[in-house]
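Read off the chains here:
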Amino acid sequence: MTKSRAPKPPSDGTHPALGPLLTRWFFARSVHEVAPELIGATLLFGGAGGIIVEVEAYHHTDPAAHSYGGPTPRNQVMFGPPGFAYVYRSYGIHWCVNVVCEPEGSASAVLIRALEPTHGLAAMRKRRGLDEPRSLCSGPGKLAQALGITIADNGLPLDAAPFAIHRRTTTPEIVAGPRIGITKAADYPWRFGLKDSRFLSKPFPR
């Protein structure tokens, strides 16, 4: 059973009030519904993290999805039940974290691309080796490093420690556009972001 409460994580200053914890049922829906609804939610890992300001959706019918060619040892978590973390290494350098969506076997996920840091800034600064909040989590590899997420966390449930994802408490203005850094299905408008956020990995076209 999913716990409805979690201890308050450490913070480094004023930040928005946290909403209820998201359960696995939240992710058991179309990836195209989940992705925009994650904008404004707060992702924490070990008490550090922030407001999700940018994501990308990947459906199993999408040539850019890791699951498009079928299950492999690397992407096996995507074919499992929703509400779990799928972590992979990008270009052999950076870890990236995704949330698995849709019923088991669908193999669809949302890539978390950027956060606005709100909790555990001291720890994130230490891991990233820099001070500027804008640069801590403005990209999928950056945020995984800042939060300390690695392949060891692949397959962990999103509704239990060290993960915690809190529902947004307001409805933000969201923009959409093509995804970044891919060559297949590059025109799909499946990237979502918080309008005018300065913490995006890359601005959206106007």
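Cut-off values and rules
Residues numbered from 1 in each chain as written. Predicted model: local features only at pLDDT ≥ 70, side-chain atom pairs only at ≥ 80, totals over all residues. Heavy atoms only, no water. Salt bridge = Lys/Arg side-chain N within 4 Å of Asp/Glu carboxyl O. Buried < 20%, exposed > 50% of the residue type's maximum accessible area, 1.4 Å probe, protein only. Helix = DSSP H or I, 4+ residues; strand = E, 2+ residues; numbered from the N terminus. Contact = heavy atoms within 4.5 Å. Disulfide = S-S within 2.5 Å. 1 Å grid on protein atoms, 1.4 Å probe; cavity = no way out; pocket = protein on both sides within 12 Å on 5 of 7 lines; lining within 4 Å. Points joined across faces, edges and corners; volume = space filled by probe spheres on them. Nonpolar A, V, L, I, M, F, W, Y, C, P; charged D, E, K, R; others polar. pLDDT = per-residue confidence, 0-100. Axes fitted to C-alpha atoms, helices over the stretch in contact; angles between N-to-C directions. Parallel < 35°, antiparallel > 145°, perpendicular 65-115°, else oblique. Left-handed = near helix turned anticlockwise from the far one by under 90°. Arc of directions from axis to C-beta.

### What about the pattern of salt bridges?
- Across all of its chains, the model carries eight salt bridges by this definition.
- Residues Arg29 and Glu37 are paired through a salt bridge, measuring 3.1 Å at the closest nitrogen-oxygen approach.
- Of the residues examined, Arg29 reaches a relative accessible area of 23% and is grouped as partly exposed.
- Here Arg113 ties to Glu54 by a salt bridge, and the two come within 2.9 Å at their closest N and O atoms. In this pair, Arg113 is assigned in strand 5 (residues 108–119) and Glu54 in strand 2 (residues 48–58), connecting sequence segments 59 residues apart.
- Here the salt bridges share partners, and the residues they tie into one network are Glu54, Glu56, Arg113 and Arg191.

### Observations regarding helix 5 (residues 140–147)
- Within helix 5, six of the eight residues are buried, leaving the element largely enclosed by the surrounding structure.
- Within the span of helix 5, buried status applies to Pro140, Gly141, Leu143, Ala144, Ala146 and Leu147.
- Next to the buried residues of helix 5 lie strand 1 (42–45), strand 2, strand 4 (94–101), strand 5, helix 3 (121–128) and helix 4 (133–136).
- Just downstream of helix 5 lies Gly148, where phi reads positive at about 80°.

### Describing the state of the cysteines
- Taken as a whole and judged by the stated rule, the model has zero disulfides.
- For the unlinked cysteine Cys101, the closest cysteine sulfur is that of Cys96, found at 16 Å.
- Just so you know, Cys137 is unpaired, no disulfide at all, and the nearest cysteine sulfur is the one on Cys96, 13 Å from it.
- With a relative accessible area of 1%, Cys137 lands in the buried category.

### A word on the layout of surface pockets
- Quantified by volume, the largest pocket comes out at close to 520 Å³.
- If you trace the largest pocket, you find 25 residues lining it, with Tyr88, Ser90, Tyr91, Gly181 and Ile182 closest to the centre.
- Counting residues per element, the ones that place at least two in the lining of the largest pocket are strand 2, strand 3 (85–90), strand 4, strand 5 and helix 5.
- Counting residues per element, the lining of the largest pocket draws most heavily on strand 3, at four residues.
- Residue composition of the lining of the largest pocket, by class: 13 nonpolar, seven polar and five charged.

### Brief notes about the confidence of the model for the protein
- Model confidence for the protein is summarised by a mean pLDDT of 92, while 93% of its residues fall at 70 or above.
- Note that pLDDT drops below 50 for residues 1–13; the model gives that stretch 21 contacts with residues more than four away or on any other chain.

### Section: the packing of helix 3 against helix 5
- In the contact formed by helix 3 and helix 5, the axes pass within 7 Å of each other and the chain directions differ by 115°. What the angle tells us is that helix 3 and helix 5 run roughly perpendicular. The two elements helix 3 and helix 5 meet at a crossing, and its hand is right-handed. On the side of helix 3, the interface is formed by Met124, Arg127 and Arg128, while helix 5 contributes Lys142, Gln145, Ala146 and Leu147.

### Here we look at helix 3
- Among all positions of helix 3, only Leu121, Met124 and Arg128 are buried. Down the axis, helix 3 shows its buried residues gathered within 65° of arc, on one side only.
- Buried residues belonging to helix 3 abut strand 2, strand 5, helix 4 and helix 5.
- After helix 3 finishes, the residue Gly129 shows a positive phi value of roughly 70°.

### Quick word on the environment of Gly49
- By the secondary structure assignment, Gly49 is in strand 2.
- Note: C-alpha distance between Gly49 and His60 (eleven residues apart in sequence) is 28 Å.
- With residues near it in sequence (within four places) discarded, Gly49 still touches Leu43, Leu44, Leu115, Glu116, Pro117, Thr118, His119, Met124 and Leu147.

### So, the environment of Leu38
- Inspection of the secondary structure assignment puts Leu38 in helix 2 (residues 31–38).
- The exposure class assigned to Leu38 is buried, which follows from its relative accessible area of 0%.
- Along the sequence, Leu38 and Phe26 sit twelve residues apart, while their C-alpha atoms lie 9.9 Å from each other.
- Non-local contacts of Leu38, meaning those with residues more than four positions away in its chain, are made with Leu22, Phe26, Phe27, Ile52, Val55, Val99, Val110, Ile112 and Ile165.

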